[in-house]
Structures are given as structure tokens and as C-alpha cells.
Amino acid sequence: MGEGRGATHYNWRPDVWALVNYIQYWYSTAANTYYNHPTGWWLDDVSVDFWSPWGRGAPIDPYVGDAIWNYVFYDPNPPWIRWVIWRGWMWDSTDTWTWYPDIDPRDAHFDHVHFTFW
């Protein structure tokens, strides 16, 4: 769980924190960030991973992950998405989709949904 990653914390910017609280309540999930998240970017106050209710490292149900992805991706209200990674795909704010076929499945986010916001 988080091996090779920063220490877990829950210190988001207020608008991200409000979204995280909403998602955790309505989708029965656990969210976290960690120091230097994503690694090398230091955007941990605007980045969030959604896991199963058991927390960081516990894989999210794919149907719940899809529902969270859809809710946040299509929500017209801020915070605005800088990038999202889920099930091997990454979307960024240039409206580009990228497939990650040759990397560690954990990094391709098959077990949790990742958002980084502006």
C-alpha cells in the first residue's frame, strides 16, 4: 500500500475537499492524496485517488470507479480537471486520451481512480 509513494494525507484545497467529501458520501469510497502526488509534480493539494471504502491500496469496484469517473468528468462545476487516469487511460485538459499498455498495472490505475485538478 503506497510502497514507494509519499505518506498519505487528506489536505486538499477547499474546492477539491468539498468534491472529495461529496464523492465519499455518495459513492461509499475512500479518498486520499500523498506528499509529492503525483510523484515529481507536488500537486497533492489538487490530486486525489479514490479507492474502495477500506482505503489506500484497496481496489475500488470497477462499477463504482466508472460512476465516480463519469460524475466528476461530466460535472460542469469546478474544480476543473487537469488530468484523470482510470483503467489504463489518461485524459488531460488538452482533450487528449492516452493508453498506458506497457506500464505497471498500479500505475495504469486499474485499482483506483486518479484526478488532478487545476
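Refer to the structure printed above.
What you are looking at is a predicted structure, and each value in this text was computed from that prediction instead of being measured.

Engineer: Whenever I open this one, the sheet that holds strand β3 (residues 47–51) confuses me. Can you help?
Structural biologist: Remark on secondary structure: sheet strands pair via backbone hydrogen bonds, oriented parallel or antiparallel. A sheet is described by the order of its strands in space; here seven strands give the open sequence β1-β2-β3-β7-β4-β5-β6, paired in antiparallel fashion. Pairing within the sheet leaves two strands with one partner each, and these edge strands are β1 (8–9) and β6 (96–99). With four bridges connecting them, strand β5 (residues 89–92) and β6 associate as antiparallel partners. Residue pairing for β6: tryptophan 89 is matched across the bridge by tryptophan 99. In the packing of helix α2 (residues 62–74) onto the sheet, the strands contacted are β3, β4 (81–86), β5, β6 and β7 (113–117), and the crossing angle to β4 comes to about 165 degrees.

Engineer: In this structure, what is going on with the pattern of salt bridges? I would like to understand it.
Structural biologist: Think of it this way: side chains of opposite charge can pair up when their charged atoms draw near. Under the defined criterion, the tally for this structure stands at two salt bridges. Two residues, arginine 13 and aspartate 15, come together in a salt bridge whose shortest N-O distance is 2.7 Å. Judged by its relative accessible area of 29%, aspartate 15 falls in the partly exposed class. A salt bridge links aspartate 66 to arginine 87; its shortest N-O distance comes to 3.6 Å. In this pair, aspartate 66 sits in helix α2 while arginine 87 sits in the loop between β4 and β5, placing the two residues 21 residues apart along the sequence. Its relative accessible area of 32% is what places arginine 87 among the partly exposed residues.

Engineer: Even after reading the chapter, I still don't get the side chain of aspartate 111, so can you show me in this structure?
Structural biologist: Structurally, aspartate 111 is set in the loop between β6 and β7. Residue aspartate 111 is classed as buried on the basis of its relative accessible area of 17%.

Engineer: How do you make sense of the environment of tryptophan 83 when you look at a structure like this?
Structural biologist: Locating tryptophan 83 in the fold gives a position in strand β4. Residue tryptophan 83 is classed as buried on the basis of its relative accessible area of 8%. Sequence spacing of tryptophan 83 and histidine 114 is 31 residues, and the spatial spacing of their C-alpha atoms is 8.3 Å. Excluding anything up to four places from it in sequence, tryptophan 83 contacts Pro38, Trp41, Leu43, Met90, Trp91, Asp92, His114, Phe115 and Thr116. Side chain to side chain, tryptophan 83 and histidine 114 meet in a polar contact 3.3 Å long.

Engineer: For this particular structure, what's the right way to read the nonpolar core?
Structural biologist: Generally speaking, soluble globular proteins have nonpolar side chains that are buried together. In terms of nonpolar packing, the biggest core is built from 25 residues, with Val48, Phe50, Val72, Ile81, Val84, Phe115 and Phe117 touching the most fellow members. Counting only elements with at least two residues in this core, the list comes to α1 (14–27), β3, α2, β4, β5 and β7. Looking at this core, the element that brings in the most residues is β4, giving five residues. When sequence neighbours within four positions are dropped, the list of residues in contact with phenylalanine 50 reads Val20, Ile23, Thr29, Ala30, Ala31, Ile60, Ile68, His112, Val113 and Phe115.

Engineer: I'm lost on a nonpolar patch on the surface in this one. Help?
Structural biologist: There is a patch of nonpolar side chains on the surface, built from Trp89, Trp97, Trp99 and Phe110 and spanning about 440 Å² of accessible area. Using a relative accessible area of 40% as the deciding quantity, one classes phenylalanine 110 as partly exposed.

Engineer: How do you make sense of the side chain of asparagine 32 when you look at a structure like this?
Structural biologist: Relative to the helices and strands, asparagine 32 resides in strand β2 (residues 30–34). Relative accessible area serves as the criterion here: at 1%, asparagine 32 is assigned to the buried category. A distance of 2.8 Å separates a polar atom in the side chain of asparagine 32 from a polar atom in the side chain of tryptophan 51. Filtering out sequence-adjacent residues up to four positions away, asparagine 32 remains in contact with Thr8, His9, Tyr10, Trp12, His37, Ser47, Val48, Asp49, Trp51 and Arg56.

Procedures and definitions
- Residues numbered from 1 in each chain as written.
- Predicted model: local features only at pLDDT ≥ 70, side-chain atom pairs only at ≥ 80, totals over all residues.
- Heavy atoms only, no water.
- Pairing = 2+ DSSP bridges.
- Helix = DSSP H or I, 4+ residues; strand = E, 2+ residues; numbered from the N terminus.
- Contact = heavy atoms within 4.5 Å.
- Axes fitted to C-alpha atoms, helices over the stretch in contact; angles between N-to-C directions.
- Salt bridge = Lys/Arg side-chain N within 4 Å of Asp/Glu carboxyl O.
- Buried < 20%, exposed > 50% of the residue type's maximum accessible area, 1.4 Å probe, protein only.
- Polar contact = N/O pair within 3.5 Å; in protein donor to acceptor, adjacent residues only side chain to side chain.
- Core = buried A, V, L, I, M, F, W, Y, C linked by side-chain atoms within 4.5 Å.
- Patch = residues over 30% accessible without salt bridge, like charges linked within 9 Å, V, L, I, M, F, W, Y side chains within 5 Å.
- Areas by Shrake-Rupley, 256 points an atom, 1.4 Å probe, with all protein chains shown as cover.

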